[in-house]
Amino acid sequence: MKIKTQFLFSVSRTFFNSIPKTPVEKTRLAAVSTITTASALINENFAEQFKNDDPKRGYLDGDIAKLRMINYSIRCLNALNFSQKGFSEITNQMVGKALHAFCIVGSVNLSVFHNNTLINMYSKLGNIEHARYVFDKMCQRNGASWSTMLSGYVRVGLYQEAGELFCQMWGMGVEPNGFMIASLITSCSRSGSMVDEGFQVHGFVVKIGMFSDVYVGTALVHFYGSIRLPYNAQMIFEEMPDYNVVSWTSLMVGYSDSGNPGEVINAYQRMRRNGVSGNQNTFATVTSSCGLLEDQFLGYQVLGHVIQNGFDGNVSVANSLISMFSSFSNVEEACYVFDSMNERDTISWNAMISAYAHHGLCRESLICFHSMRHLHDETNSTTLASLLSVCSSVDNLKWGRGLHGLVAKSGLDSNVCICNTLLTLYSQAGRSQDAELAFRAMTKTDLISWNSMMACYVQDGNCLDGLKLLTELLQMGKGMNHVTFACALAACSHPEFLTEGKIVHALIIVSGFHDDLIVGNALITMYCKLGMTMEAKQVFQTMPQPDRVTWNALIGGHAENEEPNEAVKAYKSMREKGIPGNYITMVNVLGACSSPDDLLKRGKPFHAHIVCTGYESDDYVKNSLITMYAKCGDLDSSNYIFAGLANKSSITWNAMVAANAHHGRGEEALKLLNEMRNEVVVLDHFSFSGGFSATANLGVLEEGQQLHGLVIKLGFQSDLHVTNAAMDMYGKCGEMHDVLKILPRPINRSRLSWNILISASARHGCIQKGIETFHEMLEHGSKPDHVTFVSLLSACNHGGLVDEGLTYYDSMTNEFGISPGIEHCVCIIDLLGRSGRLSEAESFIKNMPVPPNDLAWRSLLAACRIHGNFELGRKTAEHLLESDPSDDSAYVLYSNICATSGRWNDVEFLRNQMGSKNVKKQPACSWVKIKDKVHSFGIGDKNHHHPPAIQIRAKLGELMKKTKEAGYVADTSFALHDMDEEEKEYNLWNHSERIALAFGLMNTPENSTLRVFKNLRVCGDCHSVFKFVSEIVGRKIVLRDPYRFHHFNGGKCSCGDYW
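Rules used throughout
- Residues numbered from 1 in each chain as written.
- Predicted model: local features only at pLDDT ≥ 70, side-chain atom pairs only at ≥ 80, totals over all residues.
- Heavy atoms only, no water.
- Helix = DSSP H or I, 4+ residues; strand = E, 2+ residues; numbered from the N terminus.
- Rg over C-alpha atoms; globule rule 2.2 N^0.38 Å.
- Buried < 20%, exposed > 50% of the residue type's maximum accessible area, 1.4 Å probe, protein only.
- Contact = heavy atoms within 4.5 Å.
- Areas by Shrake-Rupley, 256 points an atom, 1.4 Å probe, with all protein chains shown as cover.
- Salt bridge = Lys/Arg side-chain N within 4 Å of Asp/Glu carboxyl O.
- Pairing = 2+ DSSP bridges.
- Axes fitted to C-alpha atoms, helices over the stretch in contact; angles between N-to-C directions.
- Core = buried A, V, L, I, M, F, W, Y, C linked by side-chain atoms within 4.5 Å.
- Arc of directions from axis to C-beta.
- Patch = residues over 30% accessible without salt bridge, like charges linked within 9 Å, V, L, I, M, F, W, Y side chains within 5 Å.

Colleague: Would you take a moment to explain the overall build of the chain for this structure?
Modeller: When helices and strands are counted, the chain shows 58 helices and six strands. In terms of C-alpha radius of gyration, the chain reaches 42 Å, well past the compact-globule figure of 31 Å for 1059 residues. Taken over the C-alpha atoms alone, the chain extends approximately 140 × 70 × 55 Å along its principal axes. When the 1059 residues of the chain are sorted by exposure, 49% land in the buried category. Restricting the contact set of the chain to residue pairs at least 6 apart, pairs at least 24 apart contribute 62%. Accessible surface, the chain: about 50500 Å² in total, of which carbon and sulfur atoms supply 51%.

As C-alpha cells, then:
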C-alpha cells in the first residue's frame, strides 16, 4: 500500500508542479469548472500542506498520505463538476491519468456514465489499451459503453478489433443502436480492405430494420462513396427517409472521390433547394469540384455562399479555395485567400506551394517553402513533392538537387511517392542517369516507379534500357497496367525495335489490354513510326470506340509517312463520324503537305478550311502553316504569315529558323536567331538545332562555335538533340577534332549520334574510323537504320573499298532487314563506277530494287567522265535528258566526256543545244570567310576590291612559279576547251578555288588553317595545286566541296587522291 501511495503521490506532485499557479483566493471566488482552475487549486494546497515537511523524511506514512490524497481527490472532483461531466472535458493525458488515480486511491465509485467518459478520454488521447482495460473491468455496461469502445477502436484505426468487438456484443445479446452500426460501417470505409465486411454490414442493417436511422444511412452512403461506387451511394441516399447535412456531404464526397465533380455540384444544388445549409466539409468539397470543372462563374457563386454562411475563416474551406483559384490560373486570388487566413495548417501551406508550382513559379514556391519552415515548422511528403515538381527543368535542377538532399535528411527517401517524384524531376531535366541512380536506391517501389523509369529511358532515347526494364517486370511477376504498355510501345517506335514491338503487341493481347483506348492509341503511334501504316489501320479498325486522340494518331502517322492522300481521307472520315477535330488534327493534316504539288491540291484548300473553322488564330496552327508553306517551297508565304503575327512564341521563331535553314537561307536563319535573343525569346533545343543546321550549311565555323558557347552557357550541353546538331555542324565545318571532343560516351549515344560520327568520318577521309564506328555501334546494341548504311556505303565509296561496300550492301538486307533505298543504290553505282567497274554499275542500275532516278544516272555519267567511256556516257546522258531535258549537269558531264575524247564538234553541238533550250550551266563558285565577311569568287573573277584584282593575279603568279619549282606539272585534260596547251594552263589557274586560295593566303595569319569552300566537285589539277601549296607555305588548307572535305597538309591530302 505504501509503494502504491508513493507512486500516486509522486505522479500527482510532478504533474501539479508543472502547472502555473493560480492564487487560491481567486479560485474560491469564481465558479470552478475547468481543469486548469482545479489543477491550480490542488497545486496551491499541496504547496501549503507540505511546505514544512522535512525532505529527509521521504514520503509520508501510508495512512496519512492516503487520507490527504482522498481529501484532495474529493476537492478536485468537485471543482471539475465531475458528477455531471466525468472525464469528458479532459484533453491532457497526464491530467486524466492523475484524476483517474485519485478516483482509485480515494475509493470513488465510478458509475457507468463516468466509466464511459473515461473510456472515451483514453481513446481520444490514443491510449486504446487503457480504454479497453477500463471497459473490461466494468461490472455493468450499457449501450453507450459498447458504442464508446467501438468508436474508440475506429478512431485509432483498429478496424478489425472494432468488428470483433461488435460480434462479441451481438453474441452477448446486446441490441445495437444507430451509433454502433455507423461506427462499424465507418471502420469498413476507412480500412481499405474490409469491403466484403461492409457489404455484410449493409445486409445486417437491412435484416434488423435499421436502415431508416439517419446515421446508419449516412455511414452507408459514405462507405459506397469511399469504395468508388458513387451510384450505389446515390441509391442508398435516395432511399433514406431523412437527410442531414452530413448525409448530403457524404454523397458529395463520394462523387468527388470518384472523379465526378459535375455530380458534386448537382448534389449541392439539390441540397440548397431542400433548404439545407452546408458545413465546412460541404463547402470544401464543392469548391474543390468547381476548381476541377474550371468553372470560374460557378466558383465565385459558391464563394458567395461560403461568405454568407460564415465559413470563409474556416481553415479547410480556405484551403479548398486556394486550390480552386489555382485551377482557375488565378494565383493572385489564391495568394489573397492564403494571406487572409488567421490560422494555417500544413495543408494550407501545401496548397499555396502547389498553386505556385502548378503555374511554374519556382522562385515563389521556394520562398513560400522558406516561410513555411520558419513560421509553421512542419513539412511533409506533399510539400516536397510539389516543390520537386516545379524544379523539373534544366534551369531549376540545382534547386531540385537541394530538395533531394532535404528528402534524404528528413528520412523521406523511403517514401515511394517522393521517390517517384524524384524520378520525374530527373527525367524531365534530361538526367536519366541520375534518375536511374535514384530508382536503384529505392528500398520500395510500386508500378508507378517502374513506369516512370521506363518513360525516362524512352524520353532520353535509351529505348533498349526501357525494354530491359519491362523484361525485369515480367521476370519479377509484377502486375502491369496500360501505362506500362504505352511506355513499352513508345520504346519500340524505332525500326530497330520492330520485332520487340510485335512481341509487346502480343503481350498486350495476352494480358487483355488490347481493348484499352490508351494502349490502342500507343499501338497506332508505334506502327506509324515504324512506317507500317497498314498495320496501324488494322489496329484502328479493331478498336471498340476510337476517340479524337486515336484519329489524330492515325492522321499524324499518314503525314509522317508522307501519305497526304490517306491523311486527308482519314480526316474526312473523322468528320463523317461526327468527331470534331482540334488544333492537333489541323497540324497533322498540314504536316502531310510537303511538295509544291501538295500545296496546290491540298495545302491551300486546307488553309481555307482552317480559316472557315476558326483555327487560324491558334498559335500551333499558325506555326504549322509557316512550316507547311516552307516545306512546299513557298517561303514567301511563310514569311508573310510570320510577319503578321502579333505575339510570336518560341515555337513560331523556331519554325522560321528551321524553314530558312532548310531552304539554304542560312544567313537569314542566323539573323532570326539573333532577333530571338534581342526579343528575349527563350531558346530551346529546337532553336539550337535550327541554328546549327544553318551554320553547317554555310560552313561558318566561327558562328557555329559562338552558338555552341551559348549552348554551354544556357546549360543545353547535356541535351542529346543539341549535341547531335553541334556534332553535325563541326563535321560539316571541317573540325573532326571537335566532333570527337563533344561526342557522348558510347553508352549514351543515340543512333543519330552514331550515324553522324560515321558520316563525318567518311566526309573527312577517315574511312577506317567510320567502319570501326559502325562495328562499335553494333557492339553497344544499337541497331543501324537506312541512314547508317548510307553513311557507311559513302565511307566505302570515298575510300574506294568496293568489295567491302558490296558486302555491307548485302548485309543491310540479309542481316538487318533494311530494304535498299535510292540513296543506297546511288552509293553502289558511284562505288562501282569510280573504281572503273562501269559494266557492273550499268548492270546494277538495270536490276536495282528501286527505279533509278536522276541521281543514279548522274553518278554513272560522272564515272564515265572519269574513265573516258564515251559510248556508255552517251547512253547515260540520253537517259538523263529523256527524263529532264533541262538538266544542266547532263549536258556538262557529257560535254566533258566529249572534250576529253577530243570530240570538239560534239562539244560545240551540246553547247548550242543548251543555248537553244535556254539551259544554264551552274557556274562554279568558291568562297572564303575572312573575319565577319564572306568573299566569293567565280571562274576568272576579276572583280575583287579587297585587295585589288591585280594583287590576286600577282599572288597566283607567285604560286604558279613556286609550285612548278616544286615539281608541279599542269594536267590540261581538265581544261575542257579547244585551245593550245598554254591557254589551257592559263585557264586552269583561273579556276575559282585557286583565286579563293590566293586571296585567303594573302588575308589570313600565317600558320593558321585556311578554309576554302566550293559549290562543285574540285577538279583534279586544282587538287594537285592545293597539295603543292600546302607544302610550300607550310599551312593546313581545308577544301570543302559538295561531297567531302580535303585536308591538305605537307603536300598530302586526307582523301589519298581518291575522291
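What follows continues from the structure just given.
Colleague: Before we go on, may I ask you to explain the pattern of salt bridges in this structure?
Modeller: All chains considered together, the criterion is met by 31 salt bridges. The residue glutamate 89 makes a salt bridge to lysine 85 at a minimum N-O spacing of 2.9 Å. Under the relative-accessibility criterion, glutamate 89 is labelled partly exposed at 40%. When its relative accessible area of 29% is taken as the criterion, lysine 85 is described as partly exposed. Beyond isolated ion pairs, a larger network of salt bridges with shared partners links Glu702, Glu703 and Lys929.

Colleague: Sorry, what's going on with the sheet that holds strand β4 (residues 1037–1040) here?
Modeller: In a beta sheet, neighbouring strands are held together by backbone hydrogen bonds and run either parallel or antiparallel to one another. Within the open sheet, the six strands sit side by side as β2-β1-β3-β4-β5-β6. Their pairing is mixed. The two strands at the open ends of the sheet, each matched to only one other strand, are β2 (933–938) and β6 (1052–1053). Here helix α57 (residues 992–1003) sits on the sheet and contacts β1 (925–930), β2, β3 (1010–1014) and β4; the angle it forms with β1, its principal contact strand, is near 15°. Against the sheet, helix α58 (residues 1020–1033) contacts β3, β4, β5 (1045–1049) and β6, and its axis sits at roughly 35° relative to β5.

Colleague: Honestly, the nonpolar core in this entry has me stumped. Any pointers?
Modeller: What tends to happen in soluble globular proteins is that the nonpolar side chains get buried as a cluster. Counting residues in hydrophobic clusters, the biggest one holds 212 residues, and the most contacted among them are Ile181, Ile185, Val205, Met352, Ile524, Phe688 and Phe692. Listed in part, the 48 residues of the second largest apolar core include Phe789, Ala841, Leu872 and Ala877.

Colleague: Explanation requested: helix α26 (residues 432–441) in the structure shown.
Modeller: Side chains of residues three or four places apart in an α-helix project in the same direction, reflecting 3.6 residues per turn. Those residues of α26 lying buried are Ser432, Asp434, Ala435, Ala438 and Phe439. The buried side chains of α26 occupy one side of the element, clustering within an arc of 160° when seen end-on. More than 90 degrees from the buried face of α26, the exposed residues found are Leu437 and Ala441. Residues of α26 that are buried sit in contact with α24 (397–409), α25 (416–428), α27 (447–459) and α28 (463–476).

Colleague: What is the right way to read a nonpolar patch on the surface from this model?
Modeller: On the surface, Tyr583, Ile584, Tyr620 and Ile651 cluster together into a nonpolar patch covering about 330 Å² of accessible area. Counting through the fold element by element, isoleucine 651 comes out in helix α39 (residues 650–662).

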